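Structural overview for review
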Amino acid sequence: MLRAVLLISLLALAARADNPDAGKPEGDGWKSADLAYVPCPKDFPFTCFHGAETPVTGATLALPTKGGNGVAVFPTDFAIGVDTVGDGKEHEKLKSDGATAQLVLTYADGFSAPYLARFFRKIQKKTWNFERAGYWRGSVGGEVIALIDQSNDGMYDGYGRDAVAVGATPYATPLSKVVVLGGVLNELRVAPSGRRLWVRPYKGETGKLDAVTGYKTQGKLLAAVFRSGDLAFNVVGKYKAFTLPAGSYELVGGEVGASAGGQKAEMRKGTMSPIEVNPGATAAAAWGMDLKITFACSLDKGVLAMKGVEVHAWGSGGEEYVNISPVKLTPEITVWSGSAPKPVLQGNLSICPQGTIDDWKGPLQGAAGTFKVQLVEKKFAKMFGVFQSEVVQK
């Protein structure tokens, strides 16, 4: 009840226009829109392919406050106390993983606003991390736009570091100085507090990027975010070739899913090369299937060992696949000895309690000569078919 009253008070405070044009860009043609803060105490509605939780180090969180000293925190092995009113004292103690606390942030122009933070306990290290658990939402020309503090510093104008989502989408991109509104490219500028933004038509040179036609999958490409400096776009949309400012674009991340649902996987840049989008031209990306697995193994005193962190899945364009769900990447292991056709060892990689691929060991007593090792993954046929590693000899 107390938190609800505090939130209502903070939202009312955020509606007061102390200096609504703080951060207004120079030049003509800008149109402004005001936004409202949306706390997300449960599930966060957007997928961001960049950024991460921020470790809690020391006695404060580096967030903007009235005194400039940050938000006081009081971490212990099993709980974390938080100053939720800005007086440097503990007012709320969180004990569960994923719990939230409603903070008060004050910006350089004197504007105060709510900020919901979510805390995560790192059991093995006995430390805490935190991340934003809310965003600012508004509308420009009937198109919904959301601003996200993806850098967890309480500021929303970190181009390339923070995030933005435009329209009815669950996917956000790095905060971009150009966005698509109503099918048209517009310049975008954001107030540091996130409460106001400005847009005007983009007049620079454009080209097209087609990352859809050349993506090979048994499933469906759901998102593909590419960036060029402080510009970023999810190029999966109404048309296969996406219009965007000319430049050199690199993959930030994306998502692919089975056509009937149930399976998903995210992509990251990996070793994928930049794509040059020239003015007036269409550039294409070739990626997706066939996937391959890379790994490293060692043989010591008759025991074959493999480290989970060295097992990776790669697409044909060099992109890496991560966060595969609902099951994880746990390929079958087959080991042959010399030229014998029958395997001397078979098994599966497994997942450790922290959700990463566990290290693996297998005895090879009685075998001799050269060993050949191969990993094969069959569980994600609805997205990728069967994919495997090359045979590694030891």
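This brings us to the overall build of the protein. Scanning the protein for helices and strands turns up 2 helices and 39 strands. Here the analysis covers contacts within the protein between residues at least 6 apart in sequence; of these, 60% occur between residues at least 24 apart. Accessible area for the protein stands at about 18,700 Å²; split by element, carbon and sulfur atoms hold 52% of it. Of the side chains in the protein, 43 bear a positive and 38 a negative charge, and the two mean positions are spaced by 4 Å.

Turning to the pattern of salt bridges, a few remarks are in order. This structure, assessed with the given rule, holds 13 salt bridges. Here K177 ties to D230 by a salt bridge, and the two come within 3.4 Å at their closest N and O atoms. A residue pair is termed long-range when its members are at least 10 positions apart, and K177 in the loop between strand 15 (171–174) and strand 16 (178–181) and D230 in the loop between strand 21 (220–228) and strand 22 (231–234) qualify at 53 residues. On the basis of relative accessible area, K177 is assigned to the partly exposed category, the value being 27%. E187 serves as the salt-bridge partner of R189, at 3.4 Å between the closest nitrogen and oxygen. By relative accessible area, which is 15% here, E187 ends up buried. Where salt bridges share partners, they join E187, R189 and R200 into one cluster.

Across the sheet, which stays open at both edges, the 3 strands sit in the order 23-19-27 with mixed pairing between neighbours. In this open sheet, the two edge strands, each paired with only one partner strand, are strand 23 (241–245) and strand 27 (282–284). Between one strand axis and the next, the sheet turns by 30 degrees as a mean value, whatever way the strands run. Pairing of strand 19 (residues 206–210) with strand 27, which is carried by 3 bridges, proceeds in the parallel orientation. Residue D210 lies in a different strand from strand 27, and its bridge partner there is A284.

Bringing unusual backbone geometry into the picture now. D290 follows M289 through a cis peptide bond whose omega is 0 degrees. With respect to the helices and strands, the residue D290 is situated in the loop between strand 28 (287–288) and strand 29 (292–294). Cis geometry is adopted by the peptide bond preceding P326, which originates at S325 and carries an omega value of 5 degrees. Within the secondary structure, P326 sits in the loop between strand 33 (320–325) and strand 34 (332–337). The residue N152 is not glycine, and still its phi comes out positive at about 55 degrees. You can see N152 is positioned in the loop between strand 13 (143–148) and strand 14 (163–166). For K301, which is not glycine, the phi dihedral falls at a positive 55 degrees. Topologically, K301 is positioned in the loop between strand 30 (297–300) and strand 31 (303–306).

Time to look at the pairing of strand 33. Relative to strand 33, strand 25 (residues 264–268) is paired through 4 bridges, and the arrangement is antiparallel. The residue bridging M267 from the neighbouring strand is Y321, located in strand 33. Relative to strand 33, strand 32 (residues 312–314) runs antiparallel, the two sharing 2 bridges. When the bridges of strand 33 are listed, A313 appears paired with Y321. Once strand 32 ends, the chain turns through 5 residues before running back antiparallel as strand 33, passing G318 with a positive phi of about 95 degrees.

The subject of this paragraph is the sheet that holds strand 30. Reading across the sheet, the 3 strands line up as 30-31-36 and stay open at both edges, with antiparallel pairing between neighbours. Every other strand in the sheet has two partners, leaving strand 30 and strand 36 (360–363) as the edge strands with one partner each. For this sheet, the mean angle separating the axes of adjacent strands, direction not counted, is 20 degrees.

Turning next to the environment of N348. Among the secondary structure elements, N348 is positioned in strand 35 (residues 345–348). Overall, the relative accessible area of 44% leaves N348 in the partly exposed class. For the pair N348 and I333, spaced 15 residues apart in the sequence, the C-alpha separation amounts to 5.5 Å. Beyond its immediate chain neighbours, meaning those up to four positions away, N348 contacts T330, P331, E332, I333 and W360. Within the local environment of N348, its side chain forms a polar contact with the backbone oxygen of T330, the two atoms lying 3.4 Å apart.

This part takes up the side chain of D162. Along the chain, D162 falls in the loop between strand 13 and strand 14. Although D162 lies buried, it forms no salt bridge, and the closest oppositely charged side chain, R161, sits 5.3 Å away as judged by the N-O distance. A distance of 3.2 Å separates the side chain of D162 from the backbone nitrogen of Q150, its partner in a polar contact.

With that settled, consider the nonpolar core. Counting 51 residues, the largest nonpolar core has F226, F233, W287, M306, V311, Y321 and F384 as the members making the most contacts within it. In this structure, L61, L103, L105 and V199 belong to the second largest nonpolar core, which totals 38 residues.

Cut-off values and rules
Residues numbered from 1 in each chain as written. Predicted model: local features only at pLDDT ≥ 70, side-chain atom pairs only at ≥ 80, totals over all residues. Heavy atoms only, no water. Helix = DSSP H or I, 4+ residues; strand = E, 2+ residues; numbered from the N terminus. Contact = heavy atoms within 4.5 Å. Areas by Shrake-Rupley, 256 points an atom, 1.4 Å probe, with all protein chains shown as cover. Lys, Arg positive; Asp, Glu negative; His and termini not counted. Charge placed at Lys NZ, Arg CZ, Asp CG, Glu CD. Salt bridge = Lys/Arg side-chain N within 4 Å of Asp/Glu carboxyl O. Buried < 20%, exposed > 50% of the residue type's maximum accessible area, 1.4 Å probe, protein only. Pairing = 2+ DSSP bridges. Axes fitted to C-alpha atoms, helices over the stretch in contact; angles between N-to-C directions. Polar contact = N/O pair within 3.5 Å; in protein donor to acceptor, adjacent residues only side chain to side chain. Core = buried A, V, L, I, M, F, W, Y, C linked by side-chain atoms within 4.5 Å.

So far we have only geometry, and geometry alone does not tell us how the molecule works.
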